[in-house]
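Overview (structure and organization)
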Amino acid sequence: MFDHVTIRVTDRAESERFYDTVLTPLGIDRTYSTPAVSEWGEFLITPGDEAHPGTRRLHVGVAAPSREQVDGFWREGTAAGYTSDGEPGPRPQYLEDYYGAFLLDPDGNSVEAVHHGALRRDGIVDHLWIRVADLAAAKRFYETIASHAGLRVRTDTPERVSFASGGSGSFSLVVGEPTEDLHMAFPTGDDADVQGFHAALRELDDAVA
């Protein structure tokens, strides 16, 4: 689903402590670190700057291999002083066997550990929820590039539109004060998809202009 997801953070050291603390109980260790980025699998953080101070109003769902590890995520996070955004427990409004727990990262983004039967198996980011000002316009944007990025519409309601790939994982668009400074990339093994992606966005840009 995701080749990588990158967020900007206000305080890199504090964000590294947060993600090291809460992802370790899920069996996810930091895999890479340079002066520019820190990486846990396909999830990366990079320092904000004056022009791009940090990612805001994002929800990230991280795959947990078991319910017990969801509990450990929340327990270790709250013990370290991080703010709970929802205690561990079932969330059947999403899926019958959905079990999750929520914490706020140092920039106030909602980070969830989630376990369910349709969990993403090929990466650590199970899902994203992205807030947008205009749901119809955001849907049109992603429909424009969907075929080139391996995406399909999975949920389409007046409140939420979600896109998924042929495997597992998803991202949802929901109405609200827009999410700021999120970067996500989708994998492909064909250069033609990259070229088609770019051409589709150029055409959309020309149409809007």
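Residues numbered from 1 in each chain as written. Predicted model: local features only at pLDDT ≥ 70, side-chain atom pairs only at ≥ 80, totals over all residues. Heavy atoms only, no water.

**Quick look at the pairing of strand β7 (residues 99-104)**
Of all six residues in β7, five are buried, a share of seventy percent or more. Where strand β6 (residues 84-90) lies against β7, four bridges are found, and the strand directions are antiparallel. Note that in β7 the partner of P90 across the bridge is Y99. Here β7 pairs with strand β8 (residues 110-115) via six bridges, running antiparallel. Along β8, the bridge assignment pairs L103 with V111. Linkage of β7 to β8, two consecutive antiparallel strands, is achieved through a turn of five residues, within which G108 is found at a positive phi near 85°. (Buried < 20%, exposed > 50% of the residue type's maximum accessible area, 1.4 Å probe, protein only. Helix = DSSP H or I, 4+ residues; strand = E, 2+ residues; numbered from the N terminus. Pairing = 2+ DSSP bridges.)

**Side note on the nonpolar core**
The biggest cluster of nonpolar side chains holds 46 residues, and the ones touching the most others in it are F43 and F171. Ranked by residues supplied to this core, first place goes to helix α3 (residues 135-149) with six residues. Discounting chain neighbours no more than four positions away, the residues touching F171 are M1, F2, L128, I130, Y142, L151, V161, S162, F163, M184 and F186. (Core = buried A, V, L, I, M, F, W, Y, C linked by side-chain atoms within 4.5 Å. Contact = heavy atoms within 4.5 Å.)

**Structural notes on helix α2 (residues 67-79)**
With 13 residues, α2 extends 18 Å between its outermost C-alpha atoms, agreeing within 8% with the 18 Å of an ideal straight helix rising 1.5 Å per residue. By the burial criterion, the buried members of α2 are V70, G72, F73, W74 and G77. On its buried face, α2 is in contact with α1 (12-23), β6, β7 and β8. Looking one or two residues past α2, G81 carries a phi angle of roughly 100°, positive in sign. (Expected span 1.5 Å × (residues − 1).)

**Points about the side chain of T179**
Turning to its location among the elements, T179 is positioned in the loop between β12 (170-175) and β13 (182-185). Not counting chain neighbours up to four residues away, the residues in contact with T179 comprise R56, R57, L58, W129, I130 and R131.

**Let's talk about the sheet that holds strand β4 (residues 43-47)**
One open sheet holds the five strands; their spatial order is β2-β3-β4-β1-β13, and the pairing between them is mixed. Of all the strands in the sheet, just β2 (32-33) and β13 have a single pairing partner and so form its edges. As defined by bridge partners, β2 adjoins strand β3 (residues 38-40) across two bridges and the pair is classed as antiparallel. Considered in β3, the bridge of Y32 is made with E39.

**Considering unusual backbone geometry**
The residue R57 is not glycine, and still its phi comes out positive at about 60°. One can find R57 in the loop between β4 and β5 (58-63). Its identity is not glycine, yet D181 carries a phi of approximately 60°, on the positive side. With respect to the helices and strands, D181 occurs in the loop between β12 and β13. Overall, the relative accessible area of 26% leaves D181 in the partly exposed class.

**Side note on the packing of aromatic side chains**
Two measures describe an aromatic ring pair: the distance that separates the ring centres and the angle between the ring planes. Applying the stated criterion to the full structure yields 13 aromatic pairs. Summarising the aromatic geometry, the rings of Y19 and F43 are spaced 5.1 Å apart at their centres and angled 55° between planes, so their arrangement reads as tilted. Of this pair, Y19 sits in helix α1 while F43 sits in strand β4, and the two are 24 residues apart along the sequence. Like Y19, the residue F43 is buried in the burial classification. Joined through ring pairs, the aromatic side chains of F2, F141, Y142, F163, F171 and F186 make up one cluster. (Phe/Tyr/Trp six-rings, centres within 6.5 Å; stacked < 30°, edge-to-face > 60°.)

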